[in-house]
Amino acid sequence: TTVGIHDLSFATTEFVLPHTALAEYNGTEIGKYHVGIGQQSMSVPAADEDIVTLGAAAAAPIVARHGADGIRTLVFATESSIDQAKAAGVYVHSLLGLPSATRVVELKQACYGATAALQFAIGLIHRDPSQKVLVVASDVSKYELDSPGEATQGAAAVAMLVSADPALVRIEDPSGLFTADVMDFWRPNYRDAALVDGQESIGAYLQAVQGTWKDYSEQGGRPLEAFSAFCYHQPFTKMAYKAHRHLLNSAGHDTDETAVKQALGLTTAYNAVIGNSYTASVYLGLAALLDQAEDLTGQPVGFLSYGSGSVAEFFAGTVVPGYREHLRTAEHRTAIERRQAIGYDRYRALHERTLPTDGSDHATPAETTGPFRLAGISGHKRLYEKR
Ligand code: CAA
């Protein structure tokens with residue numbers, strides 16, 4: 001049985017903050033953002049958007065196209081969780097009207113969670129190839145205002161239907177694995193903005209790239225030159241370039257910049273304008289690659305998924321003949337272009353807003369034009385609705 005990604009759809013927020021606005025506010029030379037970290041703008045959630053509304057918006061077109069038949073598992077991957085106990089995927093299950101005969105769970109390991117979800121989905125489908133798994137990766141990346149991390153925020157959700165005989169990408173064995181206990185990025189339960197040691201996190205990511213590749217090679221994976229493109233986790237797009245150069249160097253290859261650009265260039269288009277979407281980021285890279293490449297039929301693509309803390313995995317996927325008929329290129333472009341640009345003050349107010357923590361009632365302002373919204377909170381319960 002071949003198993004992999006049968007359909008892929010993403011959603012992002014109502015608002016977008018151009019990096020020019022941030023640079024103007026904090027006096028940063030714009031080249032640092034546009035060239036130094038490789039970011040143009042970042043998605044900003046409206047007051048009535050969160051990981052649930054984004055996740056449901058990403059997954060709804062998949063359910064509309066394929067129906068819910070055969071989906072017996074929904075795995076929701078996030079590191080910006082809204083509840084310590086209840087899986088955000090249960091709200092998504094409800095908003096999408098999925099059958100009660102479904103298994104729903106949330107997975108967490110920083111930005112790596114969606115890859116764990118994909119691998120677990122593959123295992124379930126090998127057990128029963130008639131089943132499908134809906135993987136939803138949804139995150140709001142939030143750092144402290146006026147911190148170095150601020151320029152690397154963003155938000156998006158990717159939904160993937162994982163099945164036997166997939167229409168887009170077959171996921172291959174083996175995987176290269178790497179875990180190391182490092183404190184490069186974390187978010188204690190009492191905080192809603194992440195804590196990060198920026199330089200430490202870049203070093204930890206590079207160490208993980210080397211570690212996963214070593215294991216991937218030892219497990220009998222493909223040689224480096226077999227891959228036509230590489231999708232990296234992209235906290236900012238420049239990081240993919242740092243990572244790939246490090247991989248080439250550590251595997252004893254030259255870093256020919258034309259070849260590096262050729263291997264990564266198409267994968268950064270969505271991330272450069274959306275910003276960090278944590279668990280969704282590596283799969284936004286895949287979406288950008290598939291949507292823009294002329295023809296990848298039969299080509300192996302390398303995936304490097306990194307989650308701070310840290311866990312990483314390198315694996316390969318092969319693009320399936322006929323994949324282009326199943327892409328959502330126009331919808332993806334619309335998701336990016338429909339965002340309303342906001343100024344620095346509006347962004348700052350949205351960043352600083354809080355929901356009541358005392359059980360009181362709160363109605364969120366109607367801002368999103370997306371399909372689902374967080375209507376409010378009452379008695380400590382989040383209330384969602386279709387628009
Ligand atoms: N023109 C062009 N380039 C410029 C420039 C200018 N005017 N000014 C500066 N630059 C370049 C710098 O030379 C540097 O490039 P190199 O890294 O290639 O040397 C780049 O712009 C960034 O400059 P700094 O290193 O001085 O930036 P900083 O210290 O303010 O912060 C950051 C950068 C560490 C990425 C910070 O944004 C941050 O902490 N972000 C959050 C953490 C993060 O994203 N870590 C990534 C790995 S961890 C991970 O992947 C998991 C995750 O999702 C969080």
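Description of the structure in this document. What you see is a predicted model; the values in this text were computed from it and never measured. (Residues numbered from 1 in each chain as written. Predicted model: local features only at pLDDT ≥ 70, side-chain atom pairs only at ≥ 80, totals over all residues. Heavy atoms only, no water.)

Turning next to the overall build of the protein chain. Along the backbone of the protein chain there are twelve helices and 18 strands. By the compact-globule yardstick of 21 Å for 387 residues, the protein chain fits well, its C-alpha radius of gyration being 20 Å. Reported as C-alpha extents along the three principal axes, the dimensions of the protein chain are approximately 55 × 55 × 40 Å. Counting every position in the protein chain, which comprises 387 residues, the buried fraction comes to 58%. A separation of at least 24 residues holds for 75% of the contacts in the protein chain among residues at least 6 apart in sequence. For the protein chain, the exposed surface amounts to about 15,600 Å²; the carbon and sulfur share of it is 50%. Side-chain charges in the protein chain split into 31 positive and 43 negative, and the spacing between the mean points of these groups amounts to 4 Å. (Helix = DSSP H or I, 4+ residues; strand = E, 2+ residues; numbered from the N terminus. Rg over C-alpha atoms; globule rule 2.2 N^0.38 Å. Buried < 20%, exposed > 50% of the residue type's maximum accessible area, 1.4 Å probe, protein only. Contact = heavy atoms within 4.5 Å. Areas by Shrake-Rupley, 256 points an atom, 1.4 Å probe, with all protein chains shown as cover. Lys, Arg positive; Asp, Glu negative; His and termini not counted. Charge placed at Lys NZ, Arg CZ, Asp CG, Glu CD.)

With that out of the way, let us pick up the state of the cysteines. Here, disulfide denotes a covalent bond that connects the sulfur atoms of two cysteines. Under the criterion given, the structure shown has zero disulfides. There is no disulfide at Cys 111, and the cysteine sulfur nearest it, in Cys 231, is 15 Å away. By relative accessible area, which is 6% here, Cys 111 ends up buried. Cys 231 sits in the buried class, given a relative accessible area of 1%. (Disulfide = S-S within 2.5 Å.)

A few words on the site of the ligand. In the region of the ligand, 23 residues are neighbours, and Lys 32, Pro 148, Ser 201, His 233 and Lys 242 sit closest. Glu 29 is positioned with one of its side-chain polar atoms (N or O) 3.0 Å from a nitrogen atom of the ligand. A distance of 2.8 Å is found between a nitrogen atom of the ligand and a side-chain nitrogen or oxygen belonging to Ser 201. Spatially, the ligand is embedded in the second largest pocket. Elements represented by at least two residues in the shell around the ligand include exactly α2 (30–37) and α6 (198–218). No other element matches α6, which puts four residues into the shell around the ligand. Looking at the shell around the ligand residue by residue, the classes come out as ten nonpolar, ten polar and three charged. (Near = heavy atom within 4 Å. Polar contact = N/O pair within 3.5 Å; in protein donor to acceptor, adjacent residues only side chain to side chain. 1 Å grid on protein atoms, 1.4 Å probe; cavity = no way out; pocket = protein on both sides within 12 Å on 5 of 7 lines; lining within 4 Å. Sits in = over half its atoms within 2 Å of the grid points. Nonpolar A, V, L, I, M, F, W, Y, C, P; charged D, E, K, R; others polar.)

Judged by pairing direction, the sheet is mixed, and its three strands sit side by side in the order β3-β2-β15 without closing on themselves. At either margin of the open sheet sits one strand with a lone partner, and together these are β3 (41–44) and β15 (340–341). As paired strands, strand β2 (residues 15–18) and β3 are joined by four bridges and run antiparallel to one another. Note on β3: the bridge partner recorded for Leu 17 is Met 42. (Pairing = 2+ DSSP bridges.)

Once that is clear, we can look at the layout of surface pockets. Space left empty within the atom packing is revealed by a probe, the size of a water molecule, rolled over the atoms. Empty space within the second largest pocket amounts to approximately 680 Å³. Lining the second largest pocket we find 31 residues, and of these Pro 148, Gly 149, Thr 152, Gly 198 and Phe 236 sit closest to its centre. Every element with two or more residues in the lining of the second largest pocket is listed here: α2, α6, α7 (237–250) and β13 (300–307). Considered class by class, the residues forming the lining of the second largest pocket number 14 nonpolar, 13 polar and four charged. (Points joined across faces, edges and corners; volume = space filled by probe spheres on them.)

Core analysis: the biggest nonpolar cluster contains 50 residues, and Ile 5, Phe 10 and Val 162 have the highest contact counts within it. Not counting residues within four places of it along the chain, the set of residues in contact with Ile 5 comprises Leu 118, Met 160, Leu 161, Pro 166, Ala 167, Leu 168, Val 169, Ile 171 and Leu 286. Ranked by size, the runner-up nonpolar core spans 47 residues in total, among them Met 42, Phe 227, Leu 248 and Leu 350. (Core = buried A, V, L, I, M, F, W, Y, C linked by side-chain atoms within 4.5 Å.)

Taking 1.5 Å per residue, 15 residues should reach 21 Å; helix α5 (residues 113–127) reaches 21 Å between its end C-alpha atoms and fits that length. If you check which residues of α5 are buried, you get Gly 113, Ala 114, Thr 115, Ala 116, Ala 117, Leu 118, Gln 119, Ala 121, Ile 122 and Ile 125. (Expected span 1.5 Å × (residues − 1).)

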